Amino acid sequence: MVAVACKMASPHLGGAIRDDADSLETLCMVQSATRDHGTLGLVLHIKELCGRNSMINFSHANRKENYAADRMMCLIILDDFDVCTFDAPSPSVNSLILFEIATAMLVVLLCLPLFLHALALNQEGLFLQRVRQSLSDPSNALSSWDQRDPSPCNWRGVSCHSPAGPVHSLDLSHLQLAGPFPLFLCRLPSLRFISLANNSINSYLPPQISTCQSLTTLDLSLNLISGPLPPSLAEIPTLRNLILVMNNFSGPIPPTFAYFQSIQVLNLAGNLLNGTVPAFLSNVSTLKQLYLGYNSFSPGFIPSQFGNLTNLEQLFLADCNLVGQIPSSLGRLTRLQNLDLSHNRLTGSIPSSISELKSIEQIEIYENFLSGVLPLTLGNLTTLKRLDVSGNEFTGTIPTELCGLQLESLNLFENRLEGTLPESITSSKYLHELKLYNNNLSGTLPSQLGENSSLQLLDLSYNQFSGEIPGSLCAKGKLEDILLMNNSFSGEIPESIGKCQSLGRIRFKNNLFSGQVPDGLWGLPRVFLLELAENSFSGQISKTISTAHNLSVLSISNNQFSGSLPDEIGSLGTLVEISASGNGFTGQIPESLVKLRQLVTLDLSGNKIEGGIPDGIKGWMNLNELNLANNKLSGGIPTDIGSLPVLNYLDLSGNSFSGKIPIELQNLKLNVLNLSNNQLSGELPPFFDKEMYRNSFLGNPGLCGDFEGLCPKIGQSKNRSHAWILRSIFVLASLGFVVGLLWFYMKYGSFRKNKRRVTISKWRSFHKIGFSEFEIVDRLFEENVIGSGASGKVYKVVLGNGDTVAVKKLNRGVKKDDSLNAEFGAKVADFGVAKIVKRVGEGAEPMSVIAGSYGYIAPEYAYTLRVNEKSDIYSFGVVILELVTGKPPNDPEFGDKDVVKWVCVTFDQKGADQVIDPRLDLTYKEEICRVLDIGLLCTNALPVNRPSMRNVVKLLQEAVGRTS
């Protein structure tokens, strides 16, 4: 180690420094010149630690061998320091080092030009080297920062006023740098621009950031900075752009931010800020862009004082937990171009003053609770390009004046709008997006829709539109998505749609379309979703489908298609789903289908397909559902079906399959198995020879199993030979019973007449009674049980009016009231019975006879008529939500929603407090919220996303375990 004594005026340098306030002398311990950094590295380090114009002294305790090196070092740095001295060793060793001195001096003389060049890096370069040292640079992005350069002006990300400096801009964005904010940047006196965006800058932003007194732009977006916002930022007089979006800043916005002198862009969006949106920001009159969205603010109003920010061009307050109404004062923002108040809890109507936003281009107020009609004055916003008011409660009609604007995008979906789509919508030359789904709109579409603009997305689903669709929708050749499902559109698909090469999604499900599908539509090269189900289309699938190279989903069920399935379908390697049930297809299953390696669903049920299942189905490694029910298929069931690893739905019922059931089917983990109504024979595989699989095999005369309805086991045939004897005995016994009964009636006939008057007075006829189910449910206690049977218990219930009734509670379905008692103990043992579904002929059991109750049944049953374990998980989730909310599954408060939808919407928009039953003890709120999360997980709309019951139990145990 080398001890360096530096006399200087500023002892606030880094490194291992010991300050001496009396002498202003600092002792710096640095690495020897002969060690890691070499002579040049040591010189740079000394210069950085001690600064220029300082007195440097080298000393070595008992290190005589370094004497010559010290002399050489002083010569090297003499140009940069006023005084450079070294401690000479004692005279006794002079003779030993004379040669070393001479050698060192020779080296210095020979290398002096090189040293002088190396020491040419200016002070700003040295500071930037310290910046580099403080940051982790895994991609070596700063490799061009060479300390041998005279100036940093050619380094990556560095910009200077001239080739020699000074540095005025530093852009190190997107370089994967990590570490704390490098304060050494603030030593660059002319630095005006700093961007470290999209790195991994961490720790906190130090208050000394205010020493960057020349900054105009500070961009630290997309980093990992945490802690509070430094109040001292407002002390930078020249700061115009402060961009801190997408970090982890927390705490409130400092009140000092009201005193920014030059700020124009303040972007604090996407952090963890709390408090409320502060009104004091309205004092910053220079603001042009204010972004506060997506923070953790407490509920609060939009400050009406924001109307004073007359220079404002961008106002972004999305997801700020805003409540109340939109203040009319915002109409004073005549320079405002973008207004985003989406994802809040705003109520009331759109203020009429909105029409005064003379520069507005985009208004986004979607996902709120706004109501009323859309103001006609919206038509005055001649600069408006994009309007999104979706996800609110607007009523009335779509203003003609609004549709007459030169709009690019109009999103009015998920409201309660009615009436027609105005013809004026066709006047815009720029309209590329029109989304009106989930309203009550009706009538026909404007005949010229799409003729004047490059329409790209049209979604009119879930309305009451009717008539034919215009042939001009793809007139400009840009249409990518056309979604019209669940309307009353009729007629044929225009030929022009079949020529629209840009289409990617076509969804016409559940309309009144008819006629043949244009040949070109089958083979559109970019279509990945073709959904024509539940219409009256006819004709055949065209062989042009071979050019539909991107097709993933082919959904054409419940139409009137006919003919054979074309072999060309097997060339579509991207196909994931083929749903073609409920048509009139004939012929055989194309052998080419076995090539579809990505296939997940194959549903050809309810057709007239003949032949057998083709060979080679082992390749269907992703197949989850195979439904070939109710066709004319024959032959044996391929053993290869048992090798399909993820198959869990197999329905081959209603065909003419013969032979034995392959024992390999036992390898499958099936939720649904139905081989009924075929010509199968032989004994059942042992795994399926159980009562629970009875319905899966009925209607196969030659099939043998242990349960009633199938042929008996061979060992039982001996008993059949004596069956006639048993029948004879039964007939004789029956005759004896009848004779005895007649004798009994004649002997005691008179006694019955005498007692009849007494007995009849104990019975009453059924009549309409005046009580609700709630009055009954609240009185079904165990102490009131007066009897029980196989289907449930009978309770004595005293009504509020004094009447007494007997109530039998059936064990069917799963309800909060009959699943748990007052101590939350189990009261039923038949959970899961809803998955036992009987088949009636070829059709599925109707909803009305399934064991279960409305509100508890999983939504997929409505369109699949299938129930499985995931359906029971859904029902259990409903019970959980009932327990947490204290509300029945179909409470009138929900309107057209059930408890699942109500919880999802309310939780999303208002938080857990508005969902949890106020009667619950909120000291356990954290645990209640965990249970609520489990309930929402169980009621996921997609069955595949619901957990298994084993996992549900584990989750509940973990929730309880954390509590205890």
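Residues numbered from 1 in each chain as written. Predicted model: local features only at pLDDT ≥ 70, side-chain atom pairs only at ≥ 80, totals over all residues. Heavy atoms only, no water.

1. A few points about the overall build of the chain
Regarding its fold elements, the chain presents 16 helices and 55 strands. Residue burial in the chain is summarised as follows: out of 964 residues, 47% are buried. In the chain, once contacts between residues fewer than 6 apart in sequence are set aside, the share between residues at least 24 apart is 47%. Put simply, the chain shows about 47,000 Å² of open surface, and 53% of that area lies on carbon and sulfur atoms. (Helix = DSSP H or I, 4+ residues; strand = E, 2+ residues; numbered from the N terminus. Buried < 20%, exposed > 50% of the residue type's maximum accessible area, 1.4 Å probe, protein only. Contact = heavy atoms within 4.5 Å. Areas by Shrake-Rupley, 256 points an atom, 1.4 Å probe, with all protein chains shown as cover.)

2. With respect to a negative patch on the surface
Taken together, the side chains of E468, E492, E495 and D519 define an acidic patch exposed on the protein surface. Within the element layout of this structure, D519 appears in helix α7 (residues 519-522). (Patch = residues over 30% accessible without salt bridge, like charges linked within 9 Å, V, L, I, M, F, W, Y side chains within 5 Å. Salt bridge = Lys/Arg side-chain N within 4 Å of Asp/Glu carboxyl O. Lys, Arg positive; Asp, Glu negative; His and termini not counted. Charge placed at Lys NZ, Arg CZ, Asp CG, Glu CD.)

3. As for the packing of aromatic side chains
For the structure on display, the rule yields 17 aromatic pairs. Note on F413 and Y437: the rings are 4.4 Å apart at their centroids and 10° apart in plane angle, and the pair reads as stacked. Taken together, the positions of F413 in the loop between β26 (409-411) and β27 (418-419) and Y437 in the loop between β28 (433-435) and β29 (440-443) put the pair 24 residues apart, joining distant regions of the chain. For Y437, a relative accessible area of 18% gives the class buried. Feature note: the residues F465, F489, F508, F513, W522, F537, F561 and F585 constitute an aromatic cluster, connected by ring pairs. For K910, the ring lying beneath its charged end belongs to F369, and the centroid distance is 5.3 Å. (Phe/Tyr/Trp six-rings, centres within 6.5 Å; stacked < 30°, edge-to-face > 60°. Lys NZ or Arg CZ within 6 Å of the ring centre and 35° of its normal.)

4. Structural notes on the sheet that holds strand β49 (residues 679-683)
Taking strand neighbours across the sheet as the criterion, the 5 strands line up as β43-β45-β47-β49-β50 in an open arrangement whose pairing is parallel. Both edges of this open sheet fall to β43 (610-611) and β50 (702-704), since each of them pairs with a single strand only. Both strand β45 (residues 632-635) and strand β47 (residues 656-659) contribute to a ladder of 2 bridges, which runs parallel. Looking across to β47, one finds that S634 is bridged to S656. (Pairing = 2+ DSSP bridges.)

5. Describing the side chain of S409
When you line up the elements, S409 lands in strand β26. There is a polar contact of 2.5 Å between the side chain of S409 and the side chain of E433. Other than its neighbours up to four places away in sequence, S409 contacts K385, R386, L387, L431, H432 and E433. (Polar contact = N/O pair within 3.5 Å; in protein donor to acceptor, adjacent residues only side chain to side chain.)

6. What to know about the state of the cysteines
This model, assessed by the stated rule, comprises 3 disulfides. The partner cysteine of C186 in its disulfide is C212, sulfur to sulfur 1.9 Å. What sets the handedness of the C186 and C212 disulfide is the S-S torsion sign, and at about -85° it is left-handed. Remark: C212 occurs in the loop between β10 (200-202) and β11 (217-219) and C186 occurs in the loop between β8 (178-180) and β9 (193-195); sequence separation between them is 26 residues. Like C186, the residue C212 is buried in the burial classification. What pairs with C474 in a disulfide is C500, and their sulfur atoms sit 2.0 Å apart. With the S-S dihedral at roughly 70°, the linkage between C474 and C500 falls on the right-handed side. Within this pair, whereas C474 is found in the loop between β31 (464-467) and β32 (481-483), its partner C500 is found in the loop between α6 (495-498) and β34 (505-507), the two being separated by 26 residues in sequence. (Disulfide = S-S within 2.5 Å.)

7. Overview of the pairing of strand β33 (residues 488-491)
Because side chains alternate across β33, one face comprises the buried residues F489 and G491, and the other comprises S488 and S490, none of which is buried. The pairing of β31 with β33 spans 2 bridges and is parallel. Looking across to β33, one finds that S466 is bridged to S488. One ladder, built from 2 bridges, connects β33 with strand β35 (residues 512-516); its direction is parallel. Across the sheet, the residue bridging to G491 is F513, located in β35.

8. Structural notes on helix α13 (residues 869-885)
Its 17 residues give α13 an end-to-end C-alpha distance of 24 Å, which sits within 8% of 24 Å, the value for a rise of 1.5 Å per residue. Extensive coverage of α13 is indicated by the burial of 14 of its 17 residues. (Expected span 1.5 Å × (residues − 1).)

9. Some thoughts on the sheet that holds strand β19 (residues 323-324)
Sheet architecture is open: 4 strands sit in the order β19-β21-β23-β25, paired in parallel fashion. Every interior strand has two partners, whereas the edge strands, β19 and β25 (393-395), have only one. Sheet topology places strand β21 (residues 345-348) next to strand β23 (residues 369-373); 2 bridges connect them, and they run parallel. Residue pairing across strands places G348 opposite L370, the latter belonging to β23.

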